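# Structure assessment
Here is what each chain is made of, one letter per residue.
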Amino acid sequence: MSLIAFLWFLPGVLVVILWPQIRRRAKQRQLRNIPGPSPVSRWTGVSKELHSPFSVPYREKVLTSYGGAIRLDDLFGDVHLAVSDPLALATIFGKYRDSYDFTESRILSMNKVFGKGKEHSEQRKRLTPVFSVRYLRDMVPSFNHVASELIEVVRGAHPNRDTEVEIAEYISRFSLECVGRAVLGYSFGPLDKHGTDYSRALKEFGPTIVQLNTWRPLLPFLNRVFPRSWLRFGAEVIPYKPLNRIKGISDSVNATAREILQQKKAVLQSGDKLMLQELGEGKDLTSILMQHNIRDSNDISSFSEEDLVGQMSLLLLQATDTTSSALVRTVQLLALHSDVQAKLRDELREATAQIGRTLLDLDFDSFAQLPYLDAVIRETIRMYPGFYMASRVSPEDTVLPLRSPIQGVDGQPISELYVPAGTTVWLNIYGVNRDPTIWGPDAAVWKPERWLSPLPASVADARIPSMFSHILTFVAGSRSCIGYNFAITEMRVLLAHLVLNFEITPSDKEIVWKMSGIASPSVKGAQTTKPEMPVRLTPL
Ligand code: HEM
């Protein structure tokens, strides 16, 4: 190709690649009338402020300050929306349930977890029973044993009164072990806080991926243009530490997942009953998927070995960071509110005093019938949902009606949002869960007692499309959290063990919460990326 032809060709290719974006920008004119924070930069809008690891205070302010729909200026003039209006959310999860899905870059960066469209719904249907209450009942003894082993490890390592303990590491080890045993039929070994290479790699994933967030929108383009092997090679040789680190983490996580898989494959194929029993009787998620694959390898929802490895790793990530974050937050709040902690301890003592039981004797229903424990958990995940927002995009133009009209920048009322195809819509989880028009004037106060009496009528009236307690913490619709019951059960068990065994008080160190995909705590000024939550424990 001559130089002249190349010079003509290049802008042509660029226009073809950028055309959908150019068209979307033009159609987004009406969205610019929606109120939102002023762009901090002409090029990056508010995206850096919103997605940086230090975005928590900014997010908390923005997501509760502008009403049911918020304009968020993104890269190069693209407009995103954050929506907390219940009717607009119900329309996304109802009328447009087949349109609104993850953004392409998110699906790619998540290694197609649970696939897309029909493939996704088939796979989800197959996995749902593993997370049902019926199955969870059988998991409670396992959670209970892991919690009790953990308490022994903590007691052994910190036998004295009022010792400062780094509880976040222990909690994250607990979550990983519960998911490992129950979901994968695999134990990650002793519960000391050092963990395995695999658990360390998993913990580093969130904080590292967040450093790459700015580049994530480029992923669909790179994926279309370059073969996968080139992208992996690039991640290794380009001198950019977070990129090199993510490649290392991904290799380590995949290697362990592959090892678990090989172990299971051998057992399933041999039919060795004793071994099968040891590995969770083949009832765990990996075995179910593998048995399905062995039975029907032509089914569209069958997983290739590569996909299975991806599914397992991503499931571990989805399950451990989220539950650890919620548990660590609850421990912090209990440390700060000694009255709530004492009341909770009374409830637990009463439950275990009956017929001289220990916590190990409590089953799923006994844990579920502790109203104050339940109230503490609900209130924590209402106020601190872990994921403050979740992204969706529709491939078609949509109209989202608003339950409560908002005032446009031009002063005129807006009662519906015209959302052009390809616009990113953030489900404003934090905004819904803290909306004072729904929850009352004390919406921003952590008050477990609110769950012990009927909630205000405004909560039911709002018709929040929620799958759990009118809150959006686990979102709703086809991509909602499949493991929410699992998480709540895990939380009930560990909190019960901690509060009955230790008095928890705050450490002198100041804690700041950062965003690493999910909210994650650290000691102010610390350089580390791993979660930290020092608290003082006194054995009881
Ligand atoms: C307190 C703990 C948890 C929270 C706050 C949480 C929250 C969420 C949220 C918000 C989503 C949707 C993400 C989005 O739409 O962008 C999600 C999806 C998911 N969660 Fe959870 N989660 C928790 C625990 C768990 C656990 C324990 C498991 C598994 C054992 C799990 C498995 C999943 C899976 C597999 C998905 C993807 C579902 C799909 O795409 O169909 N989660 N979670």
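Please read all numbers here as calculations on a predicted model, not as lab measurements. (Residues numbered from 1 in each chain as written. Predicted model: local features only at pLDDT ≥ 70, side-chain atom pairs only at ≥ 80, totals over all residues.)

### Quick word on the UniProt feature "binding site: heme" (unreviewed entry) in the chain
- Under the UniProt annotation, the feature "binding site: heme" (unreviewed entry) is placed at Cys481.
- Locating Cys481 in the fold gives a position in the loop between helix 21 (457-462) and helix 22 (484-501).
- Residue Cys481 is classed as buried on the basis of its 21 C-beta neighbours within 10 Å.
- Here Cys481 is in contact with Phe474 and Val475, once residues within four sequence places are set aside. (UniProt positions renumbered as here; feature names shortened; annotations may be inferred. Helix = DSSP H or I, 4+ residues; strand = E, 2+ residues; numbered from the N terminus. Buried ≥ 20, exposed ≤ 12 C-beta atoms within 10 Å, placed from the backbone. Contact = placed C-beta atoms within 7 Å.)

### Side note on the pairing of strand 7 (residues 424-428)
- Most of strand 7 is tucked away: 5 of the 5 residues are buried.
- Burial along strand 7 is two-sided: Thr424, Trp426 and Asn428 and Val425 and Leu427, pointing in opposite directions, are all buried.
- As paired elements, strand 2 (residues 79-83) and strand 7 share 3 bridges and run parallel to each other. Residue pairing for strand 7: Leu81 is matched across the bridge by Val425.
- Of the strand pairs in this sheet, strand 4 (residues 389-393) and strand 7 are connected by 5 bridges, and their pairing is antiparallel. In the sheet register, Arg392 faces strand 7, and the bridge partner there is Val425. (Pairing = 2+ DSSP bridges.)

### Some points on the sheet that holds strand 7
- Strand order in the open sheet formed by 4 strands is 1-2-7-4, with mixed pairing between adjacent strands. The two strands at the open ends of the sheet, each matched to only one other strand, are strand 1 (69-73) and strand 4. Pairwise comparison of adjacent strand axes, ignoring direction, gives a mean angle of 30° for this sheet.
- When strand 1 meets strand 2, the two strands line up antiparallel, connected through 5 bridges. Across the sheet, the residue bridging to Ala69 is Val83, located in strand 2. (Axes fitted to C-alpha atoms, helices over the stretch in contact; angles between N-to-C directions.)

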